[in-house]
Amino acid sequence: MYNKAFSLFACSKSDIFLSLYTKSISITPVYGKEKFITRSTMRSDSTNEERICNPLKIYDINMDYLGKKYYTQIKEIAKHCLERLLYIFVNTNHEELDEIYEGDEIMEAVKEKLYNLESELDRRSAKRLYSSGIPLETIIECSSLSSKESKLLKKDLGI
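The rules we used
- Residues numbered from 1 in each chain as written.
- Predicted model: local features only at pLDDT ≥ 70, side-chain atom pairs only at ≥ 80, totals over all residues.
- Heavy atoms only, no water.
- Salt bridge = Lys/Arg side-chain N within 4 Å of Asp/Glu carboxyl O.
- Helix = DSSP H or I, 4+ residues; strand = E, 2+ residues; numbered from the N terminus.
- Buried < 20%, exposed > 50% of the residue type's maximum accessible area, 1.4 Å probe, protein only.
- Arc of directions from axis to C-beta.
- Contact = heavy atoms within 4.5 Å.
- Polar contact = N/O pair within 3.5 Å; in protein donor to acceptor, adjacent residues only side chain to side chain.
- Core = buried A, V, L, I, M, F, W, Y, C linked by side-chain atoms within 4.5 Å.
- Axes fitted to C-alpha atoms, helices over the stretch in contact; angles between N-to-C directions.
- Parallel < 35°, antiparallel > 145°, perpendicular 65-115°, else oblique.
- Left-handed = near helix turned anticlockwise from the far one by under 90°.
- pLDDT = per-residue confidence, 0-100.

This part is about the pattern of salt bridges. Applying the stated criterion to the full structure yields eight salt bridges. A salt bridge links Asp156 to Lys127; its shortest N-O distance comes to 3.5 Å. With Asp156 in helix α7 (residues 147-157) and Lys127 in helix α5 (residues 105-131), the pair connects residues that are 29 residues apart, well separated along the chain. Exposure remark for Asp156: the relative accessible area of 38% places this residue in the partly exposed category. Linked by salt bridges that have partners in common, Asp98, Glu108 and Lys111 make up one network.

Within α7 the residues assigned to the buried category are Glu149, Ser150 and Leu153. Taken down its axis, α7 places every buried residue within 105° of arc, on the same side. Turned more than 90 degrees away from the buried face of α7, the exposed residues are Ser147, Lys148, Lys151 and Lys155. The inward-facing, buried residues of α7 abut α5 and α6 (136-142). Note on α7: the residue one or two positions beyond its end, Gly158, has a positive phi of about 75°.

Residue placement: Asn62 occurs in strand β4 (residues 56-62). Of the residues examined, Asn62 reaches a relative accessible area of 4% and is grouped as buried. Of note is the side chain of Asn62, whose polar atom sits 3.4 Å from the backbone oxygen of Lys35.

Turning our eyes to something else, we now look at the nonpolar core. The tendency in soluble globular proteins is for nonpolar side chains to be buried side by side. Within the largest apolar cluster, 17 residues are counted, with the highest numbers of intra-cluster contacts made by Met63, Leu66, Tyr87 and Tyr101. Within the residue set of this core, elements represented by two or more residues are α1 (63-67), α4 (94-100) and α5. Ranked by residue count, the leading element in this core is α5, at three residues. Dropping the residues within four chain positions of it, Tyr101 is found in contact with Arg84, Leu85, Tyr87, Ile88, Met107, Glu108 and Lys111. Within the second largest apolar cluster, five residues are counted, among which are Ala126, Leu136, Leu145 and Leu153.

Turning our eyes to something else, we now look at the packing of α5 against α7. One can describe the packing of α5 onto α7 by two numbers: an axis separation of 10 Å at closest approach and a directional angle of 50°. The angle between the axes of α5 and α7 places the two elements in the oblique class. Relative to α7, the crossing made by α5 is right-handed. Seen from α5, the contacting residues are Ser119, Arg123, Ala126, Lys127 and Tyr130; seen from α7, they are Glu149, Leu152, Leu153, Asp156 and Leu157.

On to the confidence of the model for the chain. In the predicted model, the chain carries a mean pLDDT of 78, and the fraction of residues at 70 or more is 74%. Averaged pLDDT values for the elements of the chain fall to 45 in strand β1 (residues 6-13) and rise to 92 in α4. Within the model, pLDDT remains below 50 along residues 1-17, and this stretch shows 39 contacts once partners closer than five positions in the same chain are excluded.

Encoded structure:
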């Protein structure tokens, strides 16, 4: 699972007030609820009321919720739905991702970049292990390197 968390900020200007929007993508539920997106705003601690002019709106995206869905559920969701687009970051099964995003040019490009990045990170890790004295056969046997990646690793190591 790709464990990344970040926030995106945007501002919009209405007639009088300036609003600040933040989108937070997290790997754990922010409110402990099984919801994909939760919207929150600033509220008074004493009265639990929202401010009349509330400049901050927060949208929390729960990737843990997404990770618990079966790929067949995601496959049935509309092509450009946020759940379907972000699912690539919580499912590491290439066959399932290939099936979900088949025919989607944008997601095919995203998959290719992620797969290449994943392969490069695996090879870098394997190189570090090899340089620390672990036999190459052990590294290949215990890692998730494909035969193609193993050949590339051997080439990189000059073996």
